[in-house]
Amino acid sequence: MTESWGQFKSFEGKKFKALDPEFTAEVSKLIGGQDLTTCFQCAKCSAGCPVSDKVNIQIHEVMRMLVFGLTEVLQTDMIWLCTTCYTCQERCPQGIDITDILFGLKNMAYRKGIAPLGYVTSAKALYDTGKLYSPTEWEREDLGLDDVPELDVAETKKMLDKTKLRKLQEDM
Ligand code: SF4
Ligand code: SF4
């Protein structure tokens, strides 16, 4: 099931489920996850994060939730609003590959059916049309461009059929 952005509400006052050591162990196996437990909460990552004023939970708090095994972390908007700028990763004094961990968390969330609608519709558009975005005729006209030629999507579909993305889409 696909949820909209509306699900990513504030965590203020929220009671979390019990700590889940298996979840922490699972995250530790992600790319970058092996150093997770060395995080000492200096918040240097959050201090440089360009989306820190847009998210309901900061990146250093995400790291804390992972160490504590709080699976609710997959419902935070931080993992989807991350611009993958790698600033946090560059700044971390512990050398934790934070951004890489976020990639893994996106995959975990997607597998559980937790993803913003826009991402899911983009993936579907890519499969159906071979494009993530279709410019309108007037947009191209304004720029003096010809119409976009029709794409043969058979090859694209063949490639995407071999990815896990397709399987995930079918399950959503
Ligand atoms: S910068 Fe590194 S050590 Fe500091 S809070 Fe962020 S992840 Fe943890
Ligand atoms: S990679 Fe993501 S979490 Fe890290 S600083 Fe950039 S936007 Fe923030």
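Scroll up a little and you will see the structure.
These numbers come from a predicted model, not from an experiment.

### Focus: the overall build of the chain
Scanning the chain for helices and strands turns up ten helices and zero strands. Starting at the N terminus and ending at the C terminus, the chain contains elements arranged as α-α-α-α-α-α-α-α-α-α. Relative to its 172 residues, the chain shows a buried fraction of 36%. Look at the contacts in the chain between residues 6 or more apart in sequence, and 70% of them connect residues 24 or more apart.

### Concerning helix α7 (residues 117-129)
Here α7 contains 13 residues, and its C-alpha end-to-end distance of 18 Å stays within 8% of the 18 Å for a straight helix at 1.5 Å per residue. Of all the positions in α7, only Val120, Ala123 and Tyr127 are classed as buried. Mapping the buried residues of α7 onto a view down its axis gives an arc of 65°, with all of them on the same face. Where α7 ends, the next residue or the one after it, Gly130, has phi of about 80°, a positive value.

### A look at the packing of helix α3 (residues 59-68) against helix α6 (residues 98-111)
Relative placement of two packed helices is described by the angle separating their axes and the distance separating the axes. Here α3 crosses α6 at 65°, and the two axes come no closer than 12 Å. Between α3 and α6 lies a crossing whose hand is left-handed. Residues Ile59, Val62, Met63 and Leu66 of α3 touch α6, and the partners they reach there are Ile98, Ile101, Leu102 and Leu105. Here the contact of α3 with α6 is composed, by residue class, of eight nonpolar, no polar and no charged.

### Thoughts on the side chain of Gln89
Positionally, Gln89 belongs in helix α5 (residues 87-91). The residues touching Gln89, leaving out its near neighbours within four places in the chain, are Ile96, Asp97, Ile98, Thr99 and Asp100.

### Remarks on the pattern of salt bridges
For the coordinates displayed, the defined rule picks out three salt bridges. Note that Lys54 is salt-bridged to Asp53, the shortest N-O span being 3.2 Å. Residue Lys158 pairs with Glu155 through a salt bridge whose shortest N-O separation is 3.1 Å. One end of the pair is Lys158 and the other is Glu155, both in helix α9 (residues 154-161) and three residues apart, which spans about a single turn.

### Some words on the site of ligand 1
The environment of ligand 1 is made up of 13 residues, and the closest members are Cys39, Cys42, Ala43, Cys45 and Cys92. For the shell around ligand 1, the secondary-structure elements that each account for two or more residues are α2 (44-48) and α3. Classifying every residue of the shell around ligand 1 gives nine nonpolar, three polar and one charged.

### Focus: the site of ligand 2
In the neighbourhood of ligand 2, 13 residues make up the surrounding shell, with Cys49, Cys82, Cys85, Tyr86 and Cys88 lying closest. Grouping the constituent residues of the shell around ligand 2 by class yields nine nonpolar, four polar and no charged.

### Considerations on the nonpolar core
Within the largest apolar cluster, 36 residues are counted, with the highest numbers of intra-cluster contacts made by Val27, Leu66, Met78 and Leu105. Looking at this core, the elements that each hand over two or more residues are α1 (21-28), α3, α4 (78-81), α6 and α7. Ranked by residues supplied to this core, first place goes to α6 with seven residues.

### Observations concerning the packing of α7 against α9
Packing of α7 against α9 leaves a shortest axis separation of 7 Å and a crossing angle of 130°. In terms of orientation, α7 lies oblique with respect to α9. Contacts from Leu126, Tyr127 and Asp128 in α7 reach Thr156, Lys157, Leu160 and Asp161 in α9.

### Quick word on the environment of Ser134
Within the secondary structure, Ser134 sits in the loop between α7 and α8 (137-142). Sequence separation between Ser134 and Val148 is 14 residues, and the spatial gap between their C-alpha atoms is 8.8 Å.

Basis of the calculations
- Residues numbered from 1 in each chain as written.
- Chains lettered and ligands numbered in written order.
- Predicted model: local features only at pLDDT ≥ 70, side-chain atom pairs only at ≥ 80, totals over all residues.
- Heavy atoms only, no water.
- Helix = DSSP H or I, 4+ residues; strand = E, 2+ residues; numbered from the N terminus.
- Buried < 20%, exposed > 50% of the residue type's maximum accessible area, 1.4 Å probe, protein only.
- Contact = heavy atoms within 4.5 Å.
- Expected span 1.5 Å × (residues − 1).
- Arc of directions from axis to C-beta.
- Axes fitted to C-alpha atoms, helices over the stretch in contact; angles between N-to-C directions.
- Left-handed = near helix turned anticlockwise from the far one by under 90°.
- Nonpolar A, V, L, I, M, F, W, Y, C, P; charged D, E, K, R; others polar.
- Salt bridge = Lys/Arg side-chain N within 4 Å of Asp/Glu carboxyl O.
- Near = heavy atom within 4 Å.
- Core = buried A, V, L, I, M, F, W, Y, C linked by side-chain atoms within 4.5 Å.
- Parallel < 35°, antiparallel > 145°, perpendicular 65-115°, else oblique.

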